[in-house]
Structures are given as C-alpha cells and as structure tokens.
Amino acid sequence: MKVCHITSSHPSKDTRIFRKECVSLAEQGFNVNLVVPEEADHTDRGVNIIAVKLNITSRATRLLKASYKVYQRAAQENADIYHIHDPEMIFFGLLLKLKGKKVIYDIHEDVPRQILSKAWINGKIRSAVSWAFEKFENFSARKFDAVIAATPHITERFKKLGCRAINVNNYPILSELYVPDSGWDEKKKAVCFIGGINKIRGIEEMLEAISYTDSKLFLGGNFSPPSLKEKAQNTAGWEQVIDLGFADRKRVAETMAKSLAGLVLYHPAPNHNNAQPNKMFEYMSAGIPVIASHFDLWKEIIEGNDCGICADPLNPYEISNAINQITENRAEAERMGRNGRNAVEEKYNWDVEAEKLIELYKTL
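Before going into details, it helps to say that this report is about the structure given with it. (Residues numbered from 1 in each chain as written. Predicted model: local features only at pLDDT ≥ 70, side-chain atom pairs only at ≥ 80, totals over all residues. Heavy atoms only, no water.)

1. Considerations on the sheet that holds strand 12 (residues 261–264)
Across a sheet, strands are paired by hydrogen bonds formed along the backbone, either parallel or antiparallel in direction. As summarised here, the arrangement of the six strands in space is 11-10-9-12-13-14, forming an open sheet in which the pairing is parallel. Every other strand in the sheet has two partners, leaving strand 11 (241–245) and strand 14 (308–311) as the edge strands with one partner each. Direction aside, neighbouring strands of the sheet carry axes that sit 20° apart on average. Here strand 10 (residues 216–220) pairs with strand 11 via four bridges, running parallel. Of the residues in strand 11, the one forming a bridge with Phe218 is Ile242. Relative to the sheet, helix 7 (residues 203–211) contacts strand 9 (190–194), strand 10, strand 11 and strand 12, its axis offset from that of strand 10 by approximately 155°. Contacting strand 9, strand 12, strand 13 (290–293) and strand 14, helix 12 (residues 316–327) crosses the sheet at an angle of about 170° to strand 14. (Pairing = 2+ DSSP bridges. Helix = DSSP H or I, 4+ residues; strand = E, 2+ residues; numbered from the N terminus. Axes fitted to C-alpha atoms, helices over the stretch in contact; angles between N-to-C directions. Contact = heavy atoms within 4.5 Å.)

Take a look at the structure:
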C-alpha cells in the first residue's frame, strides 16, 4: 500500500510526522512517502522524503503558495492513502478526495481555539475567523476517510460530528530521550524548557521565576517573534539562562539529562486547557520531574502520577517555589522523575499509540 504524508509547514524530521508516524508505518511494510519542504529527495529509515523547494518569506506565502506546491507534488505520487497534517492542506485534501483517493486528516492542535490566541490575527476579527474556520474544518472532516487527533478532547469533538475519529496521542518514543546512566548527583542545579518560545508559553514568567532562585535555566528553542528574545535578554532572569538556541534531538536528551526538572508553563488559553503538550511527556520520559501549569487535565497527569508539581503559570513566585522545592531536594526530585518514567513505560509511550495508527491503516 502506497502512503503519502503531506505537510507544508513542518520540517522533514518532525517528531510526530516523521519519527513516529512515518517510521512506524515503514517498519510495518507500508510504502511510505513524505512530501515536505526540503532541499533534496532522500530516504531515511525506510521513508522516502520527497523534497519541495520553497522560498518562504512570509506566513501568507506558506499558507498559499507553499501548500499548493506541496499538493501538486504529492498528487504526482498517485498514492493509495494521503495523510495531511496542516490546516492549510484541508482544501487540497478535498481535491484529493475528488480524485478518488483515501484521505486522513491529522489534527495536531484544536485550531479554532488556537486562533483565538493568535497575536498576528487582529483581535477584532479573531472570533469570526475562529467560527468560520471551525465550520469549514467540520464540513471537510466529514468528507475525509478518517480523522486522527492528538488529544482525547479533540477526538471527542469530531466523533460528535459523526466522523471516523481516533485518538493517537503524541506520546514519546521510549528510547529517544532517556539517558539511564545519568546520575542525580551529577546534574546541574538547573531546570529546562525545550520548545517554541513565546509569550503565551510563559517565557516572561519563567525568566522572572528563575531570577528568584539560584538555579540556572536551560533554554532551547526559537523565539517567536524574534524580537521577543531582545526583550528577554534585558530581564534580570536572563543572567541565569543558558541559551541553547535550536536544539536537535540528541542535544535535547543531553540537556534533560543535566536538568533537575522540566518546565511547561503555558498560559490559560482555549487551546491549552485541554491540550497534552508533547514536552510534558518528554520530560517524564527523560526521567525528570515536571513543573507544569495547574490546569485540571495536567494536574490529573502530573499529580496523579506523582511526577512533578503544578503551579499557577501566571505567578512567578509560585513557579519559583516549585523550582526551589525540586532543586533543593534531589532525593525527592529523583523519586518524582522515576515515577514519571514508570508512567511513560506503562502507558504514555508511542508504542501503544503506533498500534492504533497501524490498525487504522490496515482497515483502510
């Protein structure tokens, strides 16, 4: 069976798309192709990477020109199943349906709720844009052969519409980030945040909180917008930051192994309250405690597995207390980290989710 994954906005080595879904399907004998913005065709771990050279200079370019060029190249593959990963690819998914193809829509985020927090969309029209997109997304999803959602909350939304929807959580690969011989006595007095860095993900509160401690903050990722980094560098907390810039997966694992805890302190937002951030489970997979926002779902995971501390993401003093509680008690931190790792080994891992994905493909 020839499979074609399509994305106009993710890198060729995206963790969910390539490392998890495409590789898992290739290991099961599917003919897997990934059409993606890239410089040259190549094969990696049994997946055929099909390059679409793009000159993306703006968001509008990606939304319009990039998605069309990626669709054109994907259509040439004449695959049995097309698997789309971006909201801007929905229209082209409908075109593929008109060509008689089977189409899977993979929903990474609750986009209508995400739109409500998008700073680049004029605040006066965000609600209208969110409403219009949700209507279009709902209509399209009913036309597709299956919907894959990254969280149970999103899955239920599409099940209620009558879609064939399955939940494939973005849980970590068991062996990827765990460094079993990293001793707790050798760890730095530091916590880490790895991922996209922006205001709504709590960078300002993290920097203020770290300034109230004597710990370091490993910071890995790109700032959005880039001007936010200059503002961050002018805060008191920046003196305690070890700026990693963009970190590849190997460096991510090394950074987590040196840290006493991982931070995931997203602000309250419609798209955050019921989300399941990948990095939360990656910290657990790495065997370190998690300091997370005190959303009900996150508390259920973190406190329910006794693998970290939940705090008010808008209160730097509360965050700093959580950091101090962990960094000043390594034995307790090690216990929490071990609990998190055990939970990942038992239930929050990609092996379990891959079985759902493969079963769906077999039925199609």
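This is not the end of the story, as more comes after the structure.
2. Some words on the pattern of salt bridges
Under the defined criterion, the tally for this structure stands at 21 salt bridges. Here Arg335 makes a salt bridge to Asp306, at a shortest N to O gap of 2.5 Å. Here Arg335 is found in helix 13 (residues 330–346), whereas its partner Asp306 is found in the loop between helix 11 (296–302) and strand 14, with 29 residues between them in sequence. The residue Glu345 makes a salt bridge to Arg341 at a minimum N-O spacing of 3.1 Å. Highlighted residues: Glu345 and Arg341, both in helix 13, separated by four residues, approximately one helical turn. Within the structure, one salt-bridge network assembled from shared partners comprises Asp110, Arg113, Glu134, Glu137 and Arg157. (Salt bridge = Lys/Arg side-chain N within 4 Å of Asp/Glu carboxyl O.)

3. Topic: the sheet that holds strand 8 (residues 165–167)
Taking strand neighbours across the sheet as the criterion, the eight strands line up as 3-4-2-1-5-6-7-8 in an open arrangement whose pairing is mixed. Every interior strand has two partners, whereas the edge strands, strand 3 (42–44) and strand 8, have only one. Looking at each pair of strands side by side, their axes are set apart by 25° on average, direction ignored. Sheet topology note: the strand 7 (residues 146–149)/strand 8 ladder contains three bridges and is parallel.

4. A closer look at the packing of helix 1 (residues 15–27) against helix 14 (residues 350–363)
The interhelical angle for the contact between helix 1 and helix 14, taken along N-to-C directions, is 60°, at an axis separation of 10 Å. With respect to their mutual orientation, helix 1 and helix 14 come out oblique. Between helix 1 and helix 14 lies a crossing of right-handed hand. Taken together, the residues of helix 14 that come into contact with helix 1 (itself represented by Lys20, Glu21, Ser24 and Leu25) are Trp350, Ala354, Leu357, Ile358 and Tyr361. (Parallel < 35°, antiparallel > 145°, perpendicular 65-115°, else oblique. Left-handed = near helix turned anticlockwise from the far one by under 90°.)

5. Details of the side chain of Asn169
Within the secondary structure layout, Asn169 lies in the loop between strand 8 and strand 9. Of the polar contacts made by the side chain of Asn169, one reaches the side chain of Gln276; its length is 3.0 Å. When sequence neighbours within four positions are dropped, the list of residues in contact with Asn169 reads Arg16, Ala150, Thr151, Pro152, Gln276, Trp350, Glu353 and Lys356. (Polar contact = N/O pair within 3.5 Å; in protein donor to acceptor, adjacent residues only side chain to side chain.)

6. Re the environment of Phe136
Considering the arrangement of structural elements, one finds Phe136 in helix 5 (residues 126–143). Between the C-alpha atoms of Phe136 and Tyr82, which are 54 residues apart in sequence, the distance is 19 Å. Look past the residues within four positions of Phe136 in its chain and what remains in contact with it is Ile90, Phe91 and Leu94.

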